[in-house]
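Here's the letter readout for the chains.
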Amino acid sequence: MPRNDRPPASRLTKAQRIDSANGIATPAWREIASEIPVSFIYGDAPYAVMMASPGDAEDFAFGFSLTEGIVRAANEIRSVRVAPRDKGLELHIELAPGRFREHLARRRAITGRTSCGLCGVETVEQLPQAEKLIPAPPIAPRAVFAALANLDRSQKINALTHAIHGAAFCTRDGAIRALREDVGRHNALDKLIGALIREGVSPREGFVVVTSRASFEMVEKTAIFGAPALVAISAPTSLAIERAQALGLTLGAIARADSMMVFSGAFENEQAVGPEAAAS
């Protein structure tokens, strides 16, 4: 499906603006983030429907397939075909024959929402399980603060709509190597991971930054990809911290321009790591 035939990332929408000073309503226009159903179909078997932003559909197919445990590497996906259906998209994903047989053996049907990455899972054993990470050199805090300083200006869709999560992969000097956006935080991370594995980027070359809380699923997806560190703008959950510690994932959260809390692992010890150091 040609990219220019796909739904737009946002739509200019008419609304009313009410002034707090006088209560008067006036016509106004606002750019609103698009949210559509995206169906994942492996072979001819429907697997999941996720509510998501329409962009980067191919990346979504690759990243979701990896973090769901359907594939272990990008080369196990033969092709992805994007088709419009019922105001949404269908992702028709062809797997390598052996991988498709394994997928059918463990197939489950789920309905996803932007607030939940585990809808439809019936037992704990069905949860995706990352393997313990191979130790990597610690990330320098100055790299984290440099990445945070550039994050907002890199989120083009969120700048228009103020309703979009971002997930970025940053190099060890803090440069943003890739960034993906979506109305769902899990989707943004899946799209980022999909883009990286399609390009053959080594997860050990950098770290992940997300503009959301650090939940269990975000930790698990990052570890499945193989990145050594995850930094979240908002706070972590207790299970996220437990899983990060068990997996050997460095977890920073409540990351702001002036500080960051470290809940698992360790960042490189530096004498000066605040905004001034990041800018130098």
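Residues numbered from 1 in each chain as written. Predicted model: local features only at pLDDT ≥ 70, side-chain atom pairs only at ≥ 80, totals over all residues. Heavy atoms only, no water.

S.K.: Outline the side chain of threonine 67, listing residues and values.
M.R.: Residue placement: threonine 67 occurs in helix α1 (residues 57–67). Relative accessible area serves as the criterion here: at 1%, threonine 67 is assigned to the buried category. A polar side-chain atom of threonine 67 sits 3.2 Å from a polar atom in the side chain of lysine 221. (Helix = DSSP H or I, 4+ residues; strand = E, 2+ residues; numbered from the N terminus. Buried < 20%, exposed > 50% of the residue type's maximum accessible area, 1.4 Å probe, protein only. Polar contact = N/O pair within 3.5 Å; in protein donor to acceptor, adjacent residues only side chain to side chain.)

S.K.: Got a sec to walk through the pairing of strand β11 (residues 229–232)? Specific residues and values, please.
M.R.: What you see with β11 is no split at all: Ala229 and Val231 on one side and Leu230 and Ala232 on the other are buried throughout. The pairing of strand β10 (residues 206–210) with β11 spans three bridges and is parallel. When the bridges of β11 are listed, valine 208 appears paired with leucine 230. As judged from the three bridges shared by β11 and strand β12 (residues 250–253), these two strands associate in the parallel manner. In the strand pairing of β12, leucine 230 is matched with leucine 251. In this region the chain leaves β11, passes through helix α7 (residues 238–247) and returns to the parallel neighbour β12; the handedness of that crossover is right-handed. (Pairing = 2+ DSSP bridges. Right-handed = clockwise from strand over helix to strand, strands pointing away.)

S.K.: Give me the lowdown on the packing of helix α6 (residues 216–225) against α7, citing residues and values where you can.
M.R.: At a closest axis distance of 8 Å, the pairing of α6 and α7 adopts a crossing angle of 20°. Classified by the angle between their axes, α6 and α7 sit roughly parallel to one another. Like other packed secondary-structure pairs, α6 and α7 cross with a definite hand, here right-handed. On α7, the residues touching Phe216, Val219, Glu220 and Ala223 of α6 are Leu239, Ala240, Arg243, Ala244 and Leu247. The class makeup of the residues in the contact of α6 with α7 is seven nonpolar, no polar and two charged. (Axes fitted to C-alpha atoms, helices over the stretch in contact; angles between N-to-C directions. Parallel < 35°, antiparallel > 145°, perpendicular 65-115°, else oblique. Left-handed = near helix turned anticlockwise from the far one by under 90°. Contact = heavy atoms within 4.5 Å. Nonpolar A, V, L, I, M, F, W, Y, C, P; charged D, E, K, R; others polar.)

S.K.: I'd love a proper account of the pattern of salt bridges, names of residues and values included.
M.R.: Under the defined criterion, the tally for this structure stands at twelve salt bridges. With a closest N to O distance of 2.8 Å, aspartate 59 and arginine 198 form a salt bridge. Placement of the pair is aspartate 59 in helix α1 and arginine 198 in helix α5 (residues 185–199), with a sequence separation of 139 residues. Exposure remark for aspartate 59: the relative accessible area of 6% places this residue in the buried category. Note on arginine 198: relative accessible area 41%, which makes it partly exposed. Between glutamate 102 and arginine 99 there is a salt bridge, and its shortest N-O distance comes to 2.6 Å. (Salt bridge = Lys/Arg side-chain N within 4 Å of Asp/Glu carboxyl O.)

S.K.: Tell me about the confidence of the model for the protein chain, and please be specific about residues and values.
M.R.: On average, residues of the protein chain score 88 in pLDDT, and 86% of them are at 70 or above. Note that pLDDT drops below 50 for residues 272–280; the model gives that stretch eleven contacts with residues more than four away or on any other chain. (pLDDT = per-residue confidence, 0-100.)

S.K.: Report on the packing of aromatic side chains, specifying residues and quantitative values.
M.R.: By the definition in use, this model includes six aromatic pairs. An angle of 85° between the planes, with centres 6.0 Å apart, marks the rings of phenylalanine 169 and phenylalanine 225 as edge-to-face. Here phenylalanine 169 is found in strand β8 (residues 165–171), whereas its partner phenylalanine 225 is found in helix α6, with 56 residues between them in sequence. Among the residues examined, phenylalanine 225 registers a relative accessible area of 8% and is labelled buried. Aromatic ring contacts, followed pair by pair, group Phe40, Tyr42, Tyr47, Phe60 and Phe64 into a single cluster. Cation over ring: lysine 191 sits above phenylalanine 60, and NZ or CZ is 5.5 Å from the ring centre. (Phe/Tyr/Trp six-rings, centres within 6.5 Å; stacked < 30°, edge-to-face > 60°. Lys NZ or Arg CZ within 6 Å of the ring centre and 35° of its normal.)

S.K.: Account for unusual backbone geometry, naming residues and giving values.
M.R.: Here histidine 162, not a glycine, exhibits a phi torsion of approximately 55°, which is positive. Mapped onto the elements of the fold, histidine 162 is located in the loop between α4 (156–161) and β8. The phi dihedral of isoleucine 254 is positive, around 50°, even though this residue is not glycine. Residue position: isoleucine 254 is located in the loop between β12 and β13 (261–264).

S.K.: Outline the environment of arginine 72, supporting the account with residue identities and numerical values.
M.R.: In this structure, arginine 72 sits in the loop between α1 and β5 (77–85). Judged by its relative accessible area of 61%, arginine 72 is exposed. The sequence separation of arginine 72 and phenylalanine 225 amounts to 153 residues, and the corresponding C-alpha distance is 9.5 Å. Residue contacts for arginine 72: discarding those within four places in its chain leaves Leu66, Arg99 and Glu102.

S.K.: A description of the environment of arginine 6 should follow, citing residues and the corresponding values.
M.R.: Looking at the secondary structure, you find arginine 6 in the segment before β1 (10–18). Measuring from C-alpha to C-alpha, the distance between arginine 6 and glycine 55 comes to 8.1 Å, with 49 residues separating the pair along the chain. At 2.6 Å, the side chain of arginine 6 and the side chain of glutamate 58 are in polar contact.

S.K.: Break down the packing of α1 against α5 for me, citing the residues and quoting the values.
M.R.: To characterise two packed helices, one gives the angle between the axes of the helices and the distance between these axes. Close contact between α1 and α5 brings their axes to 6 Å; oriented N to C, the two are set at 95°. By the angle class used here, α1 and α5 are roughly perpendicular. Of α5, the residues touching α1 (which contributes Glu58, Asp59, Phe60, Phe62, Gly63, Phe64, Leu66 and Thr67) are Asn187, Asp190, Lys191, Ile193, Gly194, Ala195, Ile197 and Arg198.

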